[in-house]
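Examination of the molecular architecture
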Amino acid sequence: MNAQFKKGVLELCVLVLIHQKDQYGYELAQNISKKIEIAEGSLYPLLRRLTKEEYCTTYLAESKEGPPRKYYTLTPKGKVYMDFLIEDWNHFSGYVNNLIEEGVGNE
Amino acid sequence: MNKVEYLNELKSRLSSLPEQERDEILYDYEEHFEVALRDGKTELDIINELGSPNKVAHEILMEFSEEQNGKGDQSQTSSNVARMVLLAIALIFINVTFILGPVAAVIGAYFSLYGVVITIGVAPIIALVHLFLYGVGNVFVILFSALFTLSLATLMTVGLIYVGKWMYIGLKKYVIFNIQVVKGER
């Protein structure tokens, strides 16, 4: 998949996942790479940007084992942004599916 | 490559970032390793999933430079304006005190040479008119000197046109140079 395109989709996926529940980096990486093939290393620059843009905030939480984990949680601003991206995605994927149906649907 | 090597490699590739920023980023990857190891993965698995330190560092630096660009734009333009105003004032000062006088003198001298051309071009014509109307003066002397001064005037005109062109080009270049200095292109 095109790298730039994937980057945008990855952003949407991350927002939806932390909207569902607060997650730490590794957890997010696992949840995403279960469905989409990504270089998990690119997740952290993305999370860092989302935090800087105040779409999410972080907090440290102790875990039963190992070091404390940095959890990411969605802010109200992030929720608005997520809704906007979802709408964008729905339009976009709708058009693309339409094109594909018209193009190769009758073969 | 193992975990320590991976993190060291990443660290060295991020050496251009502020220290605090870099430590925060590296902490995320350290945590990732820790948690994944507890999850039962090997260091090699984790590294393969993360992608090469080179690629990861590249993405981090890209995000960082985009951020800096977004932030830097406004302050940069305002400081640019201040710099341009200061430069313009300095240039005006230099031009008025040191350049304007000599340039005006040269231009004045240049145009006065046209005065000379007109004088030596017109003088033989007046002499010829006098010769034919009133019979004043020696025909040969006047014809010869008229030929001489008229050719001289023609040559001087041609020369002055060239000199004028060079002066115009030079002046234009100087003005453009000034504008470029103010705009910060030089």
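Bear in mind that the values here come from a model prediction, so they are computed numbers and not experimental data.

A separate point is the side chain of Asn 95 of chain B. Position of Asn 95 of chain B relative to the elements: it lies in helix α4 (residues 53-134). Residues in contact with Asn 95 of chain B, not counting those within four places in the same chain, are Leu 100, Tyr 174 and Asn 178 of chain B.

With that out of the way, let us pick up the interface of chain B and chain A. How big an interface is tends to be stated in terms of the accessible area lost upon association of its parts. Each partner contributes residues to the interface: chain B has 25 residues there, and chain A has 25 residues. Taking both sides of the interface into account, the surface hidden between chain B and chain A amounts to around 2,100 Å²; carbon and sulfur atoms contribute 50%. Inspection of the region where chain B meets chain A yields four salt bridges. As a salt-bridge pair, Glu 21 of chain B and Arg 48 of chain A come within 2.3 Å of each other at their nearest N and O atoms. Among the elements that line the side of chain B that touches chain A, the one with the most residues is helix α2 (residues 19-38) of chain B, at eleven residues.

Next up on the list: the packing of aromatic side chains. Overall, the coordinates contain ten aromatic pairs over all chains when judged by the stated rule. Ring centres 4.1 Å apart and planes at 5 degrees place the aromatic pair Tyr 55 of chain A and Tyr 81 of chain A in the stacked group. Of this pair, Tyr 55 of chain A sits in the loop between α3 (43-52) and β2 (56-61) while Tyr 81 of chain A sits in helix α4 (residues 76-104); the two residues are 26 residues apart in sequence, bridging distant segments of the chain. Cluster of aromatic residues (ring-pair linked, three or more members): Tyr 24, Tyr 59 and Tyr 71 of chain A. Arg 69 of chain A extends its terminal NZ or CZ atom over the ring of Tyr 24 of chain A, reaching a point 4.7 Å from the ring centre. Here the guanidinium or amino end of Lys 165 of chain B rests over the ring plane of Tyr 162 of chain B, the centre of that ring lying 5.7 Å away.

Okay, helix α5 (residues 139-183) of chain B next. Residues and elements named next belong to chain B. A rise of 1.5 Å per residue sets the reference length of α5, with its 45 residues, at 66 Å; its end C-alpha atoms lie 65 Å apart and thus fit the reference within 8%. Between a side-chain oxygen at the N-terminus of α5 and the backbone nitrogen of Phe 140 the separation is 2.8 Å; the capping residue is Asn 138. Of the residues flanking the end of α5, it is Gly 184, one or two places downstream, whose phi is positive at about 85 degrees.

Time to look at empty space enclosed by the protein. The final tally for this structure, using the stated rule, is one cavity of 30 Å³ or more. Here the largest cavity is characterised by a volume of approximately 30 Å³. Along the walls of the largest cavity sit Tyr 44, Pro 45 and Arg 48 of chain A together with Ile 25, Asp 28, Tyr 29 and Ile 60 of chain B, which together make up its complete lining. Contributions of two or more residues to the lining of the largest cavity are made by α3 of chain A together with α2 of chain B. Residues belonging to the lining of the largest cavity are distributed by class as follows: five nonpolar, no polar and two charged.

Basis of the calculations
Residues numbered from 1 in each chain as written. Chains lettered and ligands numbered in written order. Predicted model: local features only at pLDDT ≥ 70, side-chain atom pairs only at ≥ 80, totals over all residues. Heavy atoms only, no water. Helix = DSSP H or I, 4+ residues; strand = E, 2+ residues; numbered from the N terminus. Contact = heavy atoms within 4.5 Å. Buried area = accessible area lost by both parts, 1.4 Å probe. Salt bridge = Lys/Arg side-chain N within 4 Å of Asp/Glu carboxyl O. Phe/Tyr/Trp six-rings, centres within 6.5 Å; stacked < 30°, edge-to-face > 60°. Lys NZ or Arg CZ within 6 Å of the ring centre and 35° of its normal. Expected span 1.5 Å × (residues − 1). Polar contact = N/O pair within 3.5 Å; in protein donor to acceptor, adjacent residues only side chain to side chain. 1 Å grid on protein atoms, 1.4 Å probe; cavity = no way out; pocket = protein on both sides within 12 Å on 5 of 7 lines; lining within 4 Å. Points joined across faces, edges and corners; volume = space filled by probe spheres on them. Nonpolar A, V, L, I, M, F, W, Y, C, P; charged D, E, K, R; others polar.

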